[in-house]
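# Observations on chain architecture
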Amino acid sequence: MADPNTDKTSGANPRILMVGAGAVGGYFGGRLAQAGRDVTFLVRPKRAERLQASGLKVISPPRGFHDYSTAGCHRRGSVDV
């Protein structure tokens, strides 16, 4: 059975684009990043500035507090998913 976490063309982890970094995009994008996935957030310029300055912080009662790097916020290029 093929590994669903790999790109079918290169065998590497797929590059994932999360549209927005609010409650839903921030949570799932942060969890994917925590799992080692290559995640880029598509956000508006002011939100990108805030993310670059203070990072993405997720507070989830069952999972606790997580602080994710947002280095991928400004990256340009192609994505797979």
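Residues numbered from 1 in each chain as written. Predicted model: local features only at pLDDT ≥ 70, side-chain atom pairs only at ≥ 80, totals over all residues. Heavy atoms only, no water.

## With respect to the overall build of the protein
Basically, it comes down to this: Helix numbering and strand numbering both begin at the N terminus, where a helix is a DSSP run of H or I of at least 4 residues and a strand a DSSP run of E of at least 2. A 1.4 Å probe rolled over the protein chains alone gives each residue an accessible area, and that area as a share of the maximum for its type sets the label: buried under 20%, exposed over 50%, partly exposed in between. Two residues form a contact once any of their heavy atoms are found within 4.5 Å. Under the convention used here, a 1.4 Å probe and the Shrake-Rupley method define accessible areas, while residue burial counts only the protein chains that appear.
Helices and strands together make up the secondary structure of the protein, namely two helices and four strands. Listing each helix as α and each strand as β along the protein from the N terminus yields β-α-β-α-β-β. Each of the 81 residues in the protein was classed as buried or not, and the buried ones make up 28%. Across the protein, the fraction of contacts at a sequence separation of at least 24, relative to all contacts at a separation of at least 6, is 42%. Summed over its atoms, the accessible surface of the protein is roughly 5700 Å², and 57% of this surface lies on carbon and sulfur atoms.

## Side note on the nonpolar core
The condition that has to hold: Throughout, nonpolar core names a set of buried Ala, Val, Leu, Ile, Met, Phe, Trp, Tyr and Cys residues whose side chains join them through atoms within 4.5 Å.
Listed in full, the eight residues of the largest apolar core are Ile-16, Met-18, Ala-21, Val-39, Phe-41, Leu-51, Leu-56 and Val-58. Of all elements in the fold, only strand 1 (15-19), strand 2 (38-42) and strand 3 (56-60) reach the threshold of two or more residues within this core. Beyond its immediate sequence surroundings of up to four residues, Ala-21 is in contact with Gly-26, Phe-41, Val-43, Arg-47, Leu-51 and Leu-56.

## A closer look at the packing of aromatic side chains
Stated precisely, the cut-off is as follows: Between the rings of Phe, Tyr and Trp (Trp by its six-membered ring), a pair exists once the centres lie within 6.5 Å; its type follows the angle of the planes, with under 30 degrees stacked, over 60 edge-to-face, and the other angles tilted.
Per the counting criterion, the structure on display carries one aromatic pair. Where Tyr-27 meets Phe-28, the ring centres are 5.1 Å apart and the plane angle is 85°; that geometry is what we call edge-to-face. In this structure Tyr-27 comes out as partly exposed when scored by relative accessible area, which is 24%.

## Quick notes on the confidence of the model for the protein
As a reminder, the rule being used: The score called pLDDT rates the predictor's confidence residue by residue, from a low of 0 to a high of 100.
For the protein, the average pLDDT comes to 76, and 70% of its residues sit at 70 or higher. Put simply, strand 4 (residues 64-68) is where the protein has its lowest mean pLDDT, 68, and strand 1 is where it has its highest, 90.

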